[in-house]
Amino acid sequence: MEDLAYKLVKVTEAAALAAYKLAGLGDEKRADQVAVDAMRTVLNSMEINGTIVIGEGERDEAPMLYIGEKVGTGNGPEIDIAVDPLEGTTICAHYKQGAMSVLAATKKGNFLHAPDVYMEKIAVGKNLPEGVVSLKNSIEKNLDNLAKAKKCKVNDLVVTVLKRERHGELIEKIRKLGAKIKLIDDGDVAAIVSLVNGNHDMYIGIGGAPEGVLAAAALSSIGGQMEGRLIFDTDQLKERAKDLNIHDPEKIYTVKDMARGESVFIATGVTSGGLVDGVKLNHNTYSTSSLIILPNKLIKLQVIS
């Protein structure tokens, strides 16, 4: 798995470099497109028999490395790949902190084939009692359980939430209960993975399902807990669930449901953030910073090109 990781990091490096050249120019779709194109080109040059099982999708009408797309030469290990060529398209377009290129890979069949719908998520870091938080619980119970497990008060907890109108009521409840809220504009993969650094205590809210599986791939290797529930809240989406053989649309997925077996998670920074540094330009050379997460192992990698 480690040998494969060092090969796959070239994929996220290429995508990050391509996106960086459009950072701050205000064109989200163009930045995403160049990241997708760079990622696809490198993947197709590799000696792998890969299938994209988590890709971009219809929700943003974004350019896709589409679900089911075959990548690689066809010779080599058979792997399933989850990608977000530019996690934080708006962040990149506005040159804010935390845009990155993300990829996860595992043996065929190990990732949840999540459709590109929204997912309700809750996540905490490692070394906590199993089930300390759950989507089945009220926000009051989750904060109370977490404070007890961390031997602190609720008002010592920092909860990360995506800054979205749909989270208005949730944010109000959390603040009334006394916990601090860290609002983020975008990038919930980084927010969930960085829970293991102890920079904040819990992530909660509704974001993309593909990003949920990517985050689960990282947590499955380094610890941390997460639950996700796919949201099929329209007749059209309910029909789609049936087409995808999702028999229980209310099912709550754990990290192990979303990322079974061993996997590799790779993030290369576009703009600097809490998880990984961004691309740097120095005398006509670019340097990239990447984080590789393998089972019980974190590797930080810097490459100058």
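Residues numbered from 1 in each chain as written. Predicted model: local features only at pLDDT ≥ 70, side-chain atom pairs only at ≥ 80, totals over all residues. Heavy atoms only, no water.

Peer 1: Give me the lowdown on unusual backbone geometry, citing residues and values where you can.
Peer 2: For Asn127, which is not glycine, the phi dihedral falls at a positive 60 degrees. Here Asn127 shows up in the loop between β5 (118-124) and α4 (139-149). (Helix = DSSP H or I, 4+ residues; strand = E, 2+ residues; numbered from the N terminus.)

Peer 1: Give me the lowdown on the sheet that holds strand β9 (residues 225-230), citing residues and values where you can.
Peer 2: The strands making up a sheet associate through backbone hydrogen bonding, with each pair oriented either parallel or antiparallel. If you trace the six strands from one edge of the open sheet to the other, you get β7-β6-β8-β5-β9-β10, paired in mixed fashion. If you trace the sheet from one side to the other, it starts and ends with β7 (180-184) and β10 (252-254), each paired once. Across the sheet, the mean angle separating the axes of adjacent strands is 20 degrees when strand polarity is ignored. Across the sheet, helix α5 (residues 168-176) touches β6 (158-162), β7 and β8 (202-208), and the angle it forms with β7 is around 150 degrees. (Pairing = 2+ DSSP bridges. Axes fitted to C-alpha atoms, helices over the stretch in contact; angles between N-to-C directions. Contact = heavy atoms within 4.5 Å.)

Peer 1: How would you explain the pattern of salt bridges if you had to name every residue and give the values?
Peer 2: This structure, assessed with the given rule, holds ten salt bridges. One salt bridge in this structure joins Asp37 and Arg40, with 4.0 Å as the shortest N-O distance. Here Arg40 and Asp37 lie together in helix α2 (residues 28-44), a separation of three residues that amounts to about one turn. The exposure class of Arg40 is partly exposed, given its relative accessible area of 22%. Arg40 serves as the salt-bridge partner of Glu69, at 2.8 Å between the closest nitrogen and oxygen. Of the two residues, Glu69 sits in the loop between β1 (49-54) and β2 (70-71) while Arg40 sits in helix α2, which places them 29 residues apart along the sequence. Residues participating in the shared-partner salt-bridge network are Asp37, Arg40 and Glu69. (Salt bridge = Lys/Arg side-chain N within 4 Å of Asp/Glu carboxyl O. Buried < 20%, exposed > 50% of the residue type's maximum accessible area, 1.4 Å probe, protein only.)

Peer 1: With reference to specific residues and values, describe the packing of helix α1 (residues 2-20) against α2.
Peer 2: Two elements in contact, α1 and α2, have axes separated by 8 Å at closest approach and are oriented at 155 degrees. If you check the angle between α1 and α2, you find them roughly antiparallel. In this structure, α1 meets α2 at a crossing whose hand is right-handed. Side by side, α1 and α2 meet where Leu8, Lys10, Val11, Thr12, Ala14, Ala15, Ala18 and Ala19 of the first sit next to Ala31, Val34, Ala35, Ala38, Met39, Val42 and Leu43 of the second. Residues that form the contact of α1 with α2 fall into these classes: 13 nonpolar, one polar and one charged. (Parallel < 35°, antiparallel > 145°, perpendicular 65-115°, else oblique. Left-handed = near helix turned anticlockwise from the far one by under 90°. Nonpolar A, V, L, I, M, F, W, Y, C, P; charged D, E, K, R; others polar.)

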